[in-house]
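Per-entry structural report
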Amino acid sequence: MSFFAAFRVALRALTRNLTRTFLTVLGIVIGVAAVIAMMAAGAGAREQIKAVFETMGTNMLVIRPQSDATTAVRGGEGSAASLTFADVDAIRTECAAVQYAAAVLQTRAQIGAEEANWNTQVTGTTPDFLTLRQWPAEIGKSLNEEHEQSSAKVVVLGQTVAWQLFGDGSPIGRVVRIKNTPFEVIGVLSKKGQAPNGQDYDDTVFIPLATYRTKIEGGLGDFLRGSIYVSASTPEQVMRAEGQVTALLRERHRTAPGAEDDFRVRNLAEFATAREQTTGTITTLLAAIAAVSLVVGGIGVMNIMMVSVVERTREIGIRMAVGARPIDLLVQFLVEALVLSGIGGLLGLGLGAIAADQLAKALGWISVFPTETALMAIGVASGVGIVFGLYPAIKASRLDPIVALRTET
Amino acid sequence: MNPKGDAQAGQPVIELAQVTRVYTMGDMELRALKGVDLVIERGESVAIMGTSGSGKSTMMNIIGCLDRPTTGSYRLLGDDVSRLSRSELAVVRGRRLGFVFQSFNLLSRTTALENVELPLIYAGVSGRERRRRAKAALERVGLGSRLDHRPSQLSGGQQQRVAIARAIVGEPEILLADEPTGNLDSQTSVEVMAMLQELVAQGITLVLVTHEPDIAEYLGRVVALKDGLISRDGKHTPISAQAALAKLAANAVDPHASARQGHA
Ligand SMILES: Nc1ncnc2c1ncn2[C@@H]1O[C@H](COP(=O)(O)OP(=O)(O)OP(=O)(O)O)[C@@H](O)[C@H]1O
Ligand SMILES: [Mg+2]
């Protein structure tokens, strides 16, 4: 019997009892749908993380002073003084792959308006920083070079701070006090959202670097007690920029060949990758759990195929009497199981795609349809059909034609 | 296997030699056949008779390659088939034999045409040719107008005729019938016998199990079984089922019956 003939016989047998066929297929449908929804959700989450890191800037490098072992005990990362403000200018002018470079000094401070106080992060930096973070003002103005030159006592608020201090009111032109120095609010930044670690990006204020150095934290002279943010001209240039910055700083700091760097360069793209991998692992785990339901579905198929073989014992006998070989009946019942699980796989694919889409919408993720996973799920469903259909099919093929013909059904 | 038509009339097509069949159930042994010798020649029509439990069906199953002898040999069309595998026996059944059963054994919810096509599916005959031959076989048994009827939409006699069409569609040398008239009234039984006689006239070898001496009259040889052994084996001239039908038609003033007789 040809495969096509077996296929037609299978379709006829399955359409004979549609309710039962539907219920049998349901297990497979749910299994496949669950696997696809999980994988799609995972892929969406990964895309989301990627997007978040991209708003942070995947072409960004962060350079911090790195103390040697002895000073590290006392100060920790960022506290040692090895980077200078001159380094920032040198990086900007001498490293070809670097587009922007900005010194960033940060401290936590109380910020007071007339109505409210708020404890937040105060950042002193040059306008380049907000440019390389792609963080424009939503209302008012952002920091500019003039503010920097004149050590202007102006501040740009993150959205969270603006809300905490002024609520619905407009903060522009209002005065806030940071460490007893009055600052004029000139702008509110656009919303940046949450960092991958849950930190609120918008809970921060920016003031000109020169102002920060004179009014907030004086002290170290030429040495920079913070970080340098650098952006490469393109994301592809990140590695080159990192190499150039490292070479330049080693030369400027007169680090002996073979000696350790007195600074540390961190690449956000690496962060992003690590994060994506973690998500990938979790996704795989979830999909594996979903796959269990696929196996349960497979057992459902086996169950119904067993019933089918028993119910159709006489039919099997008749087929054998007119010349069907055991292998013909094996194929016939296998094809039937395969058709069952194949239909289940396709329906599951549809349902899974819808579920994935809804899930992505509900969680505010990017909706991704994992094509390979979908193909895999269909393949697995068919595999399940064959594996679980095999036993009933073997049973059918081993029936004794005489006994089968005598069975009353 | 010899190709069809190799053996001529008068040549043995079925040769049973010292065939036994022992059923074992747990530690019980039941000897259903105790050493049967039987030779049937091409073109013969043989009635197997005997009391219930004498082993008729057991012997038919062996002849029909549905079962294998416990000991002894069975040569079918010159080839020893007593040691063939299940798969090989299935092929022999499909190519050489046709079966007619007491309970018709048609697939329900399947049309007459598709039922008749069934053996051809397993013989690997492809779609259009298969339908053509199935249709021809149904026309041969006078059911050309019932192709799309399901078994539940046909009378018992019609169902048995579909079964006969299914048995002959593969043009087998041998037709095996286990009480084919057991579920039919006497009029329909004679009609079925007329049809079988016609097939014998066309050269098929017929082996038929029956309880009824009336039915055995239509066959040219009667083999009686008793307790798993052949107790009697004799030839005679069969009476014509056609003639019997004509007689029935003459007795009953039934225009319907005479019409049927007209083109049977
Ligand atoms: N599958 C089987 N297992 C065990 N015993 C069996 C089996 N088939 C038949 N027998 C026994 O073998 C003997 C012969 O049975 P068989 O069916 O051949 O008789 P039969 O002549 O066809 O009878 P009937 O006229 O009632 O159909 C009986 O005693 C029966 O009980
Ligand atoms: Mg019997």
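Residues numbered from 1 in each chain as written. Chains lettered and ligands numbered in written order. Predicted model: local features only at pLDDT ≥ 70, side-chain atom pairs only at ≥ 80, totals over all residues. Heavy atoms only, no water.

1. What to know about the overall build of chain A
Counting its secondary structure elements, chain A contains 14 helices and 10 strands. In terms of overall dimensions, chain A is more spread out than a globule: its C-alpha atoms have a radius of gyration of 34 Å, far above the 22 Å expected for 409 residues. Taken along its principal axes, the extent of the C-alpha atoms in chain A is 105 × 55 × 35 Å. If you take every contact in chain A between residues at least 6 apart in sequence, the share linking residues at least 24 apart comes to 80%. Carbon and sulfur atoms make up 59% of the accessible area of chain A, which amounts to about 19,200 Å² in all. Within chain A, the 37 negative side-chain charges are centred at a point lying 9 Å from the centre of the 36 positive side-chain charges. (Helix = DSSP H or I, 4+ residues; strand = E, 2+ residues; numbered from the N terminus. Rg over C-alpha atoms; globule rule 2.2 N^0.38 Å. Contact = heavy atoms within 4.5 Å. Areas by Shrake-Rupley, 256 points an atom, 1.4 Å probe, with all protein chains shown as cover. Lys, Arg positive; Asp, Glu negative; His and termini not counted. Charge placed at Lys NZ, Arg CZ, Asp CG, Glu CD.)

2. Some details on the overall build of chain B
The number of helices and strands found in chain B is 9 helices and 10 strands. Since a compact globule built from 264 residues should have a radius of gyration of about 18 Å, the 18 Å found for chain B is in line with a globular shape. When the backbone C-alpha atoms are referred to their principal axes, chain B occupies close to 55 × 45 × 40 Å. When burial is assessed residue by residue, chain B has 52% of its 264 residues classed as buried. Taking the intrachain contacts of chain B between residues at least 6 apart in sequence as the baseline, contacts between residues at least 24 apart amount to 68%. Counting every atom, chain B has about 11,900 Å² of accessible surface; 49% of that belongs to carbon and sulfur. Distance between charge centres in chain B, computed from 31 positive and 29 negative side chains, equals 5 Å. (Buried < 20%, exposed > 50% of the residue type's maximum accessible area, 1.4 Å probe, protein only.)

3. With respect to the interface of chain A and chain B
Taken together, the contact pairs 24 residues of chain A with 24 residues of chain B. For the pair chain A and chain B, the summed buried surface comes to about 2,100 Å²; carbon and sulfur atoms form 57% of the total. Summed over the three residues of chain A that lose the most area to chain B, namely A:Ile318, A:Val322 and A:Ile402, the buried surface amounts to 26% of that side. Inspection of the chain A/chain B interface yields 1 salt bridge. Here B:Glu114 ties to A:Arg12 by a salt bridge, and the two come within 2.8 Å at their closest N and O atoms. Among the elements of the structure, helix H1 (3-16), helix H11 (313-321), helix H12 (326-363) and helix H14 (401-406) of chain A are those that each provide at least two residues to the side of chain A that touches chain B. Here the element with the most residues in the side of chain A that touches chain B is H11(A); it accounts for 6 residues. Classifying every residue of the side of chain A that touches chain B gives 12 nonpolar, 3 polar and 9 charged. (Buried area = accessible area lost by both parts, 1.4 Å probe. Salt bridge = Lys/Arg side-chain N within 4 Å of Asp/Glu carboxyl O. Nonpolar A, V, L, I, M, F, W, Y, C, P; charged D, E, K, R; others polar.)

4. A short note on the packing of aromatic side chains
Residues and elements named next belong to chain A. Tallied over the entire structure, the rule returns 4 aromatic pairs over all chains. Ring centres 4.9 Å apart and planes at 85° place the aromatic pair Phe129 and Tyr229 in the edge-to-face group. Here the residue Phe129 occupies a position in helix H5 (residues 127-132), and Tyr229 occupies one in strand S9 (residues 227-232), the gap between them amounting to 100 residues. Pair check on accessibility: Phe129 and Tyr229 agree, each one buried. Among the aromatic side chains, those forming a connected cluster through ring pairs are Phe129, Trp135, Phe206 and Tyr229. For the cation-ring pair, Arg133 lies above Tyr201, with the distance from its terminal atom to the ring centre recorded as 5.1 Å. (Phe/Tyr/Trp six-rings, centres within 6.5 Å; stacked < 30°, edge-to-face > 60°. Lys NZ or Arg CZ within 6 Å of the ring centre and 35° of its normal.)

5. Some points on the environment of A:Ile216
All names here are of chain A. For Ile216, the position within the fold is in helix H8 (residues 209-216). With a relative accessible area of 10%, Ile216 lands in the buried category. For the pair formed by Ile216 and Gly124, sequence separation is 92 residues and the distance between their alpha carbons is 8.8 Å. Ile216 has contacts with Thr107, Ile178, Lys179, Phe183, Ile207 and Thr211, leaving out every residue within four places of it along the chain.

6. Quick look at the site of ligand 1
Neighbouring ligand 1 are 14 residues; B:Ser52, B:Gly53, B:Lys56, B:Ser57 and B:Thr58 lie closest to it. Neighbouring residues of ligand 1 are distributed over chains A and B. One of the side-chain nitrogen or oxygen atoms of B:Tyr23 is found 3.5 Å away from a nitrogen atom of ligand 1. Between ligand 1 and B:Gly53, the relevant distance is 2.8 Å, taken from an oxygen atom to a main-chain nitrogen or oxygen of the residue. When ligand 1 sits alone it has 630 Å² of accessible area, and the protein chains cover 69% of it. Put simply, the parts of the chain that give the shell around ligand 1 at least two residues each are strand S1 (12-25), strand S2 (28-41) and helix H1 (56-63) of chain B. (Near = heavy atom within 4 Å. Polar contact = N/O pair within 3.5 Å; in protein donor to acceptor, adjacent residues only side chain to side chain.)

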